[in-house]
Structures are given as structure tokens and as C-alpha cells.
Amino acid sequence: MTDDADQERPRLDGLGRVLMSSGALSSDWAPTYAAVPRSTVLPDLMWPFDMEAGRSLAVSKADDPARWQEFADSDVPIVTQWDDGRHTGTEPGRVPTSSASMPSVVFRMLQALDLRPGHRALEIGTATLWNALLMAHRAGPGNVTTMEVDGALAASAGATAERFGNSVRVIHGDGSQGYPEGAPYARVIATCGLRSLPFAWVGQCEPGGIIVVPWGTHYSNGDAVARLVVAADGRSASGRFTGPVEFMKLRAQRAMPVIHSDYVPGSVADGDETATTITESEFVGGQFTPQRFALGLRMPNCLLAVAEKRDGGRPVWLYGMTDRSWACAWFRDGDTARVWQSGPRRLWDEAEAAYRWWEENSKPGHERFGLTVTAEGQSAWLDDPADSWTV
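Residues numbered from 1 in each chain as written. Predicted model: local features only at pLDDT ≥ 70, side-chain atom pairs only at ≥ 80, totals over all residues. Heavy atoms only, no water.

(A) A look at the pattern of salt bridges. All chains considered together, the criterion is met by 17 salt bridges. Notably, a salt bridge pairs Asp-333 with Lys-309, separated by 2.8 Å at the nearest N-O pair. Taken together, the positions of Asp-333 in the loop between strand S16 (326-332) and strand S17 (337-342) and Lys-309 in the loop between strand S14 (302-306) and strand S15 (313-320) put the pair 24 residues apart, joining distant regions of the chain. Among the ionic pairs, Arg-368 bridges to Asp-383, the shortest N-O distance being 2.7 Å. (Salt bridge = Lys/Arg side-chain N within 4 Å of Asp/Glu carboxyl O. Helix = DSSP H or I, 4+ residues; strand = E, 2+ residues; numbered from the N terminus.)

And the structure:
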């Protein structure tokens with residue numbers, strides 16, 4: 001015999017139980033997780049990231065349905081489009097351009113959004129429509145608008161929305177402009193990485209509304225989830241970062257590739273040589289370690305490039321994005337790193353100063369940093385919004 005609570009409790013699959021135990025899936029989102037499985041919106045041919053192999057693999061539902069289902073029900077990101085749709089065949093393409101995010105990331109961001117029944121919400125970056133369907137299940141049919149810049153993806157999402165009873169409005173358009181026809185929104189969420197948060201989103205959000213976005217600098221591909229609250233006067237939005245993530249970038253904000261020879265036409269020895277006592281592990285860190293994020297905040301318009309390590313040595317490059325300044329730190333195991341730099345910006349001097357600042361402030365993690373957005377631009381801060389700098 002079961003009581004009413006047992007009857008109302010959703011039945012979670014193995015992944016759902018893992019997400020619950022890790023805190024990624026909260027109890028109030030569990031019914032939505034159970035009602036809208038990710039597998040119902042994934043394409044028959046997809047490219048999940050295989051953690052053991054360390055790369056994306058093609059998996060076909062027609063050829064291997066069991067393996068397809070296994071990945072669909074796993075906490076891994078799944079690429080659903082390569083090369084803006086120009087890719088053909090089954091092998092992975094050059095650049096992933098649309099995906100189904102890791103469920104743990106999806107539900108952590110939805111928790112941060114604090115979406116409630118009746119809330120009108122705008123999503124930027126439709127992809128498979130899974131995130132928008134989850135939101136519609138929570139907020140109610142007709143309350144969620146999602147925008148997709150890619151025509152083929154928008155058409156596919158529209159067909160999926162129809163299959164789910166048109167609970168979500170799918171708009172084909174440039175999400176960087178928002179969707180004023182549906183404003184004001186109580187919540188805005190982006191499922192693509194940003195380098196600059198469009199103020200249009202703030203203007204289309206009601207006072208006290210919440211904006212949740214993956215945001216980062218040009219320094220690296222790493223982002224952090226920013227949770228911003230719109231001010232009572234609607235003239236700004238501000239809030240802290242909740243933790244590291246990495247998302248495909250908003251198409252309007254993709255960075256142009258750096259051509260090394262444009263910066264260093266000759267030898268690295270043509271730059272001014274110095275040395276540094278900072279070690280490779282201290283400076284480079286890992287993909288989601290906070291020093292890269294912190295240095296990016298302190299060094300606007302600068303790109304980091306970490307080369308492969310060979311024979312105990314690794315060159316780490318810095319490129320200025322507004323001029324041809326560059327720096328190279330050559331780290332060797334057990335030796336002091338040599339540094340060369342050239343150009344109007346002394347990029348290594350900036351980098352070393354930024355690293356020492358991070359060190360002096362007790363090596364803060366992502367959660368101690370915050371972001372404020374106004375019509376004039378955006379600024380970052382550590383601990384206190386009053387002590388901010390432009391980014």
C-alpha cells in the first residue's frame with residue numbers, strides 16, 4: 001500500500017537519480033524531468049561526447065538503438081549539428097554548432113532561473129527544443145518563447161513543438177535583439193555563450209526579473225553562468241556567477257580566428273625577453289579552473305592560446321584583439337619560464353599583474369565574481385558591485 005506522497009513522487013530513471021543525488025536536479029524540477037525525456041527530441045543521428053574516448057562519436061538510432069538510448073540517457077553533451085549545417089556524412093565535422101547540453105548543466109541553470117508557473121519567459125538558442133519544453137512544462141503552455149537563428153534548426157524545432165501540442169512559441173530570428181513582441185518577460189535564459197550581454201534582454205525583462213546566461217571573455221572558451229536580477233528602475237541588471245560551464249557561442253559574437261603570422265611574422269626572439277617565476281600549472285590551470293576566468297576578466301580583449309606540451313616544454317601565447325601585441329611564455333619542466341613580448345600592450349606584464357591580483361585576493365573562485373550590465377556596457381566585480389571595472 002502506498003500513501004499519496006508516494007503516488008505523486010515521479011519515477012526517475014538512473015540518470016535522474018544521479019542528478020538528484022548530485023544536487024543538479026532539485027525535487028521541484030523532478031516531475032518536469034520525468035515528463036519530458038531528452039530522448040524524445042534528439043535526432044536519429046547524433047554525436048555524443050564519449051568521456052572514455054575523449055571525443056564525439058557518431059551514433060545512429062537505426063543502426064544501434066541500444067547505444068543511442070544509452071547516450072541519450074547519459075549526462076553527456078550531444079552535438080546535433082556541425083559547421084552551421086553544411087556538414088554531411090556520419091563522421092564528426094570541423095566545428096560543432098548546435099547541441100543538447102549535459103542534463104546536469106541544463107537543470108542547474110533552470111534552478112538558477114527560478115522559473116515558476118505563469119512566468120513569461122524568453123529563451124535564446126532553441127537547438128533541440130528540450131530546454132524550452134522543460135520550461136513550458138513548468139511555466140505552463142503559451143508562456144515560453146524561444147528564438148533560433150538557424151533556419152533549419154528553427155524549422156525542426158517548430159515541428160517538435162507541434163508534436164508536443166505547441167506549448168512553446170518558436171521564433172526564427174537573431175536572438176541578440178530579443179523578442180519585444182512577447183515582452184515583458186519575468187525570465188530570460190540563453191543556451192549559448194556570450195561575450196557581451198545584449199541590453200535589449202534587460203530592457204525586455206520586467207523589474208525584478210531574472211536573466212541566466214553563460215558568459216565569458218575572449219581570453220578563453222570557458223564561460224560561467226551569470227545570474228542577473230533586473231533593477232527596479234529597469235536600467236541595469238546585476239548578479240553573481242554560479243559556476244563554470246562551456247557553451248557554443250552566440251553566432252553574432254563568435255570571435256574571428258587569430259592568424260599567428262599576423263602577430264609574429266618573424267621569430268619569437270624579435271620580442272623583448274624577460275622571465276617569470278610563475279609556473280605552468282599556476283598560470284595555465286585547467287579548463288574550468290578559476291584563474292583563466294579571473295585573468296580574462298582582468299585582461300579585456302586578449303586571447304590565450306595554450307600549445308601542446310612536447311619534450312617537457314609548452315609555449316603559452318597571448319594575443320591582443322585590438323592591436324598586434326603579443327606575448328609568449330615558454331614553460332619548461334623544472335626551469336624558470338622565459339617570456340617574450342612585443343607591441344603597444346605589454347601583455348605578459350598585464351598577465352602577471354592579473355595573476356598576482358588573483359593570488360592576493362585569496363584565489364577567488366567563479367562564485368565571488370559578478371557582472372553588471374547597463375545600456376552603456378558591462379562591468380565585472382569581485383565581492384562588491386561598487387568596486388567594478390569595465391570588461
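And the narrative resumes.
(B) Broad picture of the packing of aromatic side chains. Counting across every chain of the model gives 15 aromatic pairs. Ring geometry for Trp-29 versus Phe-107: centroids 6.3 Å apart, planes at 70°, classification edge-to-face. Here Trp-29 is found in the loop between helix H2 (14-22) and helix H3 (30-35), whereas its partner Phe-107 is found in helix H5 (residues 103-113), with 78 residues between them in sequence. Between Tyr-355 and Trp-358, the aromatic rings sit 5.7 Å apart at their centres with planes inclined by 50°, giving tilted as the arrangement. Separated by three residues within a single helix, Tyr-355 and Trp-358 lie in helix H12 (residues 347-360), roughly one turn from each other. Using a relative accessible area of 1% as the deciding quantity, one classes Tyr-355 as buried. Joined through ring pairs, the aromatic side chains of Trp-215, Phe-241, Phe-293, Trp-357, Phe-369 and Trp-389 make up one cluster. The residue whose ring lies beneath Arg-138 is Trp-29, and the NZ or CZ to ring-centre distance is 4.4 Å. (Phe/Tyr/Trp six-rings, centres within 6.5 Å; stacked < 30°, edge-to-face > 60°. Buried < 20%, exposed > 50% of the residue type's maximum accessible area, 1.4 Å probe, protein only. Lys NZ or Arg CZ within 6 Å of the ring centre and 35° of its normal.)

(C) Looking closely at the confidence of the model for the chain. With 98% of its residues at a pLDDT of 70 or more, the chain shows a mean pLDDT of 95. Note on residues 1-7: pLDDT is under 50 here. Beyond four places in sequence and across chains, it has one contact. (pLDDT = per-residue confidence, 0-100. Contact = heavy atoms within 4.5 Å.)

(D) Layout of H5. Of all the 11 residues making up H5, nine are buried; the element is thus mostly covered by neighbouring parts of the structure. What H5 keeps buried is the set Pro-103, Ser-104, Val-105, Val-106, Phe-107, Met-109, Leu-110, Ala-112 and Leu-113. One or two steps after H5, the chain reaches Asp-114, where phi turns positive at roughly 55°.

(E) Region of interest: the sheet that holds strand S10 (residues 205-215). Read across the open sheet, the 10 strands follow the order S8-S7-S6-S9-S10-S11-S12-S18-S19-S20; overall the sheet is mixed. The sheet is open, and its two edges are formed by strand S8 (168-172) and strand S20 (388-390), each paired on a single side. Shown here is a sheet whose adjacent strand axes are inclined to one another by a mean of 20°, direction ignored. Alignment of strand S18 (residues 369-374) against strand S19 (residues 377-382), held across six bridges, turns out to be antiparallel. Following the sheet pairing, Val-373 is matched in S19 by Gln-378. Where helix H6 (residues 130-139) meets the sheet, its contacts fall on strand S6 (121-124), strand S7 (144-148), S8 and strand S9 (185-190), and the angle it forms with S7 comes to roughly 170°. The strands touched by helix H11 (residues 290-298) within the sheet are S10, strand S11 (223-230), strand S12 (236-245), S18, S19 and S20, with S18 carrying the most contacts at an inclination of about 35°. (Pairing = 2+ DSSP bridges. Axes fitted to C-alpha atoms, helices over the stretch in contact; angles between N-to-C directions.)

(F) Expanded view of the packing of H5 against H6. At a minimum axis separation of 11 Å, H5 and H6 run at an interaxial angle of 40°. Classified by the angle between their axes, H5 and H6 sit oblique to one another. Relative to H6, H5 is oriented so that their crossing is right-handed. Judged by residue contacts, Pro-103, Val-106, Phe-107, Leu-110 and Leu-113 of H5 engage Trp-130, Asn-131, Leu-134 and Met-135 from H6. Among the residues forming the contact of H5 with H6, the class breakdown is eight nonpolar, one polar and no charged. (Parallel < 35°, antiparallel > 145°, perpendicular 65-115°, else oblique. Left-handed = near helix turned anticlockwise from the far one by under 90°. Nonpolar A, V, L, I, M, F, W, Y, C, P; charged D, E, K, R; others polar.)

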